[in-house]
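Chain by chain, the residues:
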Amino acid sequence: MDSKHRTEYKLIGLNIAYYRKVRGLTQKQLAERAGTSRTHMSNIEAPNMPTSISMDTLLDIADALDVPAEKLLSFREAL
């Protein structure tokens, strides 16, 4: 992965994990709701291996979590 956006991908993954846990969902449950695999969801959330994510997947995850996509992209203060 290009290191240019490594930090942002990591923070998106952490935001997804946060909202997933707030909703009381497992990675498998969220993956099923978002139409992706549990492995991909695990990779997205893993802070030690930032994984790129498509806009379609990001929007599907936001829908599955019932949060605006902007909440998953809200990380500027952490940079």
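Residues numbered from 1 in each chain as written. Predicted model: local features only at pLDDT ≥ 70, side-chain atom pairs only at ≥ 80, totals over all residues. Heavy atoms only, no water.

1. Looking at the environment of Thr57
Phase 1: By the secondary structure assignment, Thr57 is in helix 4 (residues 55-65).
Phase 2: What makes Thr57 buried here is its relative accessible area of 17%.
Phase 3: With 22 residues separating them along the chain, Thr57 and Gly35 place their C-alpha atoms 8.2 Å apart.
Phase 4: Thr57 has contacts with His40 and Ile44, leaving out every residue within four places of it along the chain. (Helix = DSSP H or I, 4+ residues; strand = E, 2+ residues; numbered from the N terminus. Buried < 20%, exposed > 50% of the residue type's maximum accessible area, 1.4 Å probe, protein only. Contact = heavy atoms within 4.5 Å.)

2. Re the pattern of salt bridges
Phase 1: Using the criterion set out here, one finds one salt bridge in the structure.
Phase 2: Arg20 serves as the salt-bridge partner of Glu45, at 2.7 Å between the closest nitrogen and oxygen. Of the two residues, Glu45 is situated in helix 3 (residues 38-45) and Arg20 in helix 1 (residues 6-22); the sequence distance between them amounts to 25 residues.
Phase 3: Residue Glu45 is classed as buried on the basis of its relative accessible area of 5%. (Salt bridge = Lys/Arg side-chain N within 4 Å of Asp/Glu carboxyl O.)

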